[in-house]
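Okay, here's what each chain looks like letter by letter:
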Amino acid sequence: ADGGDDKGGAKPNPKPKRSEKPATPSPSTMDTGKGDAYIPEGEWQSMDISGSGAKSKRRQWFEDMVRRVYGDLDMNELERIAMLSGMLFFIIGGYWLLRSCKDPIMTHIVGIEYIPKAKMLSLFVVLGAVYVYNILVDRYPKHQLFYIVGGFYVCLRFHCDDAIAPHHGHGQCGAAPHAGPRLD
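Values in this document were obtained by computation on a predicted structure and should not be read as measured data.

(A) Examining the confidence of the model for the protein more closely. Looking at the protein, the pLDDT average stands at 74 and 58% of residues meet or exceed 70. Of all the helices and strands in the protein, helix 4 (residues 142-168) carries the lowest mean pLDDT, 81, while helix 3 (residues 115-139) carries the highest, 93. Overall, residues 169-175 carries pLDDT values under 50, and its contacts beyond four positions in sequence, including any with other chains, amount to seven contacts.

What follows is the structure, given as structure tokens:
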């Protein structure tokens with residue numbers, strides 16, 4: 001009944017006759033008429049350029065370390081983690097550089113006696129800024145808030161340029177140059 005012989009084995013498939021048409025190709029390998037085959041997106045396979053077929057030892061070691069630390073992640077999650085880690089690195093690095101420059105710049109501009117007062121005042125300025133920012137977050141969508149905060153910083157920069165420039169003789173006609181101590 002199953003096409004086998006008396007011993008229970010299967011008969012080999014007979015070869016197709018020349019008069020029979022070959023089976024129609026599957027949609028995954030159909031010719032587009034331009035000489036190239038159409039392959040659906042799900043059936044693409046990566047090519048091994050090196051020819052070895054195996055991952056390098058360094059890459060395998062790196063993937064094993066990432067898997068031990070973070071668990072199983074797909075490539076999109078790993079890229080996201082790498083970008084956010086890089087952003088954190090640059091934020092902390094920038095803060096570290098600015099923090100080390102803060103006291104010498106403050107001493108040069110107004111004098112060393114004002115540093116404790118400026119540090120106490122900065123606490124209240126930051127609290128006020130956080131309060132205003134929270135109000136803005138509640139009132140405006142994110143894309144508008146981006147332009148509001150960016151515009152504030154642009155205006156603050158130009159205001160600070162105008163406030164500092166006359167003291168240092170930059171950009172003002174007839175202003176005397178600052179005769180304060182040199183930093184170099």
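(B) Here's a closer look at a nonpolar patch on the surface. Taken together, Leu 84, Met 87, Leu 88, Ile 91 and Ile 92 make up a surface patch of nonpolar side chains, about 510 Å² in accessible area. Position of Met 87 relative to the elements: it lies in helix 2 (residues 75-109). Look at Met 87 and you get partly exposed, because its relative accessible area is 47%.

(C) Seen up close, the packing of aromatic side chains. Counting across every chain of the model gives three aromatic pairs. Relative to Tyr 147, the ring of Phe 146 has its centre 5.5 Å away and its plane inclined at 75°; by these criteria the two rings are edge-to-face. Looking at Phe 146, the relative accessible area reads 61%, which means it is exposed. Here Phe 152 and Tyr 153 contribute two aromatic rings whose centre-to-centre distance is 5.6 Å and whose plane-to-plane angle is 65°, an arrangement assigned as edge-to-face.

(D) Summary view of the pattern of salt bridges. All chains considered together, the criterion is met by three salt bridges. We note a salt bridge from Arg 67 to Asp 64, for which the minimum N-O separation is 3.7 Å. With Arg 67 and Asp 64 both in helix 1 (residues 57-70) and three residues apart, this pair spans about one turn of that helix. Note on Arg 67: relative accessible area 41%, which makes it partly exposed. You can call Asp 64 partly exposed: its relative accessible area is 28%. Residue Asp 72 is joined to Arg 67 by a salt bridge in which the shortest nitrogen-to-oxygen separation is 3.1 Å. Take Asp 72: its relative accessible area is 65%, and that puts it in the exposed class. Each of Asp 64, Arg 67 and Asp 72 takes part in one network of salt bridges that share partners.

About the criteria used
Residues numbered from 1 in each chain as written. Predicted model: local features only at pLDDT ≥ 70, side-chain atom pairs only at ≥ 80, totals over all residues. Heavy atoms only, no water. pLDDT = per-residue confidence, 0-100. Helix = DSSP H or I, 4+ residues; strand = E, 2+ residues; numbered from the N terminus. Contact = heavy atoms within 4.5 Å. Patch = residues over 30% accessible without salt bridge, like charges linked within 9 Å, V, L, I, M, F, W, Y side chains within 5 Å. Areas by Shrake-Rupley, 256 points an atom, 1.4 Å probe, with all protein chains shown as cover. Salt bridge = Lys/Arg side-chain N within 4 Å of Asp/Glu carboxyl O. Buried < 20%, exposed > 50% of the residue type's maximum accessible area, 1.4 Å probe, protein only. Phe/Tyr/Trp six-rings, centres within 6.5 Å; stacked < 30°, edge-to-face > 60°.

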